[in-house]
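Read off the chains here:
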Amino acid sequence: MDVTAIYPGSFDPITLGHVDVVSRASKLFSTVVMAVVDNPQKKALFDIEHRLELVRQSVAHLPNVKVVAFRGLLVKFAEAQGATVLIRGLRAISDYEYEFQLSQMNKSLYPSLETVFVMAKLDYTFVSSSMVKEVFMLGGGVDHLVPAPVQLALKQMPVSSQF
Ligand code: ADP
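Residues numbered from 1 in each chain as written. Predicted model: local features only at pLDDT ≥ 70, side-chain atom pairs only at ≥ 80, totals over all residues. Heavy atoms only, no water.

### Focus on the nonpolar core
What counts, and what does not: By nonpolar core we mean a set of buried residues, namely Ala, Val, Leu, Ile, Met, Phe, Trp, Tyr and Cys, connected to one another through side-chain atoms within 4.5 Å. Only protein chains enter the accessibility calculation, which uses a 1.4 Å probe; a residue whose area is less than 20% of its type maximum is buried, one above 50% is exposed, and one in between is partly exposed. Residue contacts follow a heavy-atom distance rule, with two residues in contact if any of their heavy atoms lie within 4.5 Å.
Ranked by internal contacts, the top residues of the largest apolar core, which has 37 residues, are Tyr 7, Ile 14, Val 22, Met 34, Val 59, Ile 87 and Leu 154. Excluding anything up to four places from it in sequence, Val 59 contacts Ile 14, Val 22, Met 34, Val 65 and Val 67. Core analysis: the second largest hydrophobic core is formed by 13 residues, Ile 6, Val 33, Ala 35 and Leu 113 among them.

Shown next, in the form of structure tokens:
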């Protein structure tokens, strides 16, 4: 079946957890659209262009994955992309409450959009973009948690962004 799935997130930056989720989703659906949230109100470590570039480089080995930026209501964007599946990653029970509420809200707005949860690989259950940023800014090594393009981008970051 020709099914397009959408995988939204801020991906600031993309981690190995995200790469694991999208690579597994790419085996289940004909096309996966990674939708990178462009929210000018939210302070990001990498601006939208840089985040898009890092996501593109990190999933370049997955031919049926495309990477786009989006603003506004996700369900409207999903509909415009022709997506009928919404991918979310689940790490721990603590993710569940918020994800459950979000999926019900999205269903109420766009009933034919089905949320599919992909379980995090055990090695990455503790990995989040925010923790990666926090550890990096405190001078800790994060190379084992992020794909190679992000490792490089972090190394090129001005020292002033680290403590
Ligand atoms: P984060 O929650 O890490 O700040 P995003 O907002 O970009 O990142 O998350 C996008 C989606 O990816 C969410 O569904 C989130 O639960 C999922 N996700 C994030 N990190 C992981 C991980 N390590 N394993 C599985 N799913 C993840």
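### Notes on the sheet that holds strand S5 (residues 114–119)
The line we're drawing: DSSP bridges decide pairing: two strands pair if at least two such bridges lie between them. Numbering of helices and strands runs from the N terminus, with a helix taken as a DSSP run of H or I at least four residues long and a strand as a DSSP run of E at least two residues long. A fitted line through C-alpha atoms serves as each axis, taken over the contacting stretch for helices, and the angle formed by two N-to-C directions is quoted from 0 to 180°.
Here 5 strands make up an open sheet; going across it, the order is S3-S2-S1-S4-S5 and the pairing parallel. In this open sheet, the two strands that pair with only one neighbour each are strand S3 (65–70) and S5. Strand after strand, the sheet turns through a mean of 30° between neighbouring axes, direction not considered. As defined by bridge partners, strand S4 (residues 85–90) adjoins S5 across 6 bridges and the pair is classed as parallel. Across the sheet, the residue bridging to Val 85 is Glu 114, located in S5. Where helix H1 (residues 16–28) meets the sheet, it contacts strand S1 (4–9), strand S2 (31–37), S3, S4 and S5, and its direction lies at approximately 150° from that of S2. Those strands touched by helix H2 (residues 48–58) are S2 and S3, and its axis lies near 155° from that of S2.

### What to know about unusual backbone geometry
Along the chain, Asp 12 connects to Pro 13 via a cis peptide bond; the corresponding omega equals 0°. Looking at the element boundaries, Pro 13 is found in the loop between S1 and H1. Despite not being glycine, Phe 11 has its phi angle at roughly 45°, a positive value. Within the fold, Phe 11 resides in the loop between S1 and H1.

### With respect to the side chain of Thr 4
Note that Thr 4 resides in strand S1. For Thr 4, the contacting residues outside a window of four places in its chain are Thr 31, Val 33, Gln 81, Gly 82, Ala 83, Thr 84 and Val 85.

### Remarks on the site of the ligand
Selection rule: If even one non-hydrogen atom of a residue comes within 4 Å of a molecule or strand, that residue is called near it. Contacts described as polar in this section are N or O atom pairs within 3.5 Å, which, within protein, must combine one atom able to donate a hydrogen with one able to accept it, while residues neighboring in sequence count only if both atoms come from side chains. With residues, only the protein chains shown are counted as cover, and all accessible areas are computed by Shrake-Rupley using a 1.4 Å probe. Each residue is assigned to one of three groups, with Ala, Val, Leu, Ile, Met, Phe, Trp, Tyr, Cys and Pro labelled nonpolar, Asp, Glu, Lys and Arg labelled charged, and all others, Gly among them, labelled polar.
Around the ligand, a shell composed of 17 residues is seen, among which Tyr 7, Ser 10, Gly 89, Tyr 124 and Val 127 lie nearest. Tyr 7 is positioned such that a nitrogen or oxygen atom in its side chain is 2.7 Å from an oxygen atom of the ligand. When the ligand sits alone it has 530 Å² of accessible area, and the protein chains cover 89% of it. For the shell around the ligand, the secondary-structure elements that each account for two or more residues are S1, H1 and S4. Here the shell around the ligand is built from residues that sort into 7 nonpolar, 7 polar and 3 charged.

### Focus on H1
Defined as follows: To estimate the expected span of a helix, count its residues, drop one, and scale the result by 1.5 Å.
Between its first and last C-alpha atoms H1 spans 19 Å; for 13 residues at 1.5 Å apiece the expected length is 18 Å, and the two agree. At the N-terminal end of H1, a side-chain oxygen is found 3.2 Å from the backbone nitrogen of Gly 17, two or three residues along, and the residue is Thr 15.

### Some details on the packing of aromatic side chains
We count it as follows: Classification of ring pairs uses Phe, Tyr and Trp, with its six-membered ring standing for Trp, and accepts pairs whose centres are within 6.5 Å; under 30 degrees between planes counts as stacked, over 60 as edge-to-face, and the remaining range as tilted.
The full count for this structure, using the stated rule, is 3 aromatic pairs. Measuring from centroid to centroid gives 5.3 Å for Tyr 7 and Phe 11, while their planes differ by 75°, and the two rings are edge-to-face. Given the relative accessible area of 2%, Phe 11 is considered buried.

### Details of the pattern of salt bridges
Where we set the bar: Here, a salt bridge means any Lys or Arg side-chain nitrogen found within 4 Å of an Asp or Glu carboxyl oxygen.
Applying the stated criterion across every chain, the model contains 7 salt bridges. Note that Asp 95 and Arg 91 form a salt bridge whose closest N and O atoms lie 3.2 Å from each other. You can call Asp 95 buried: its relative accessible area is 15%. Owing to a relative accessible area of 38%, Arg 91 belongs among the partly exposed residues under this scheme.

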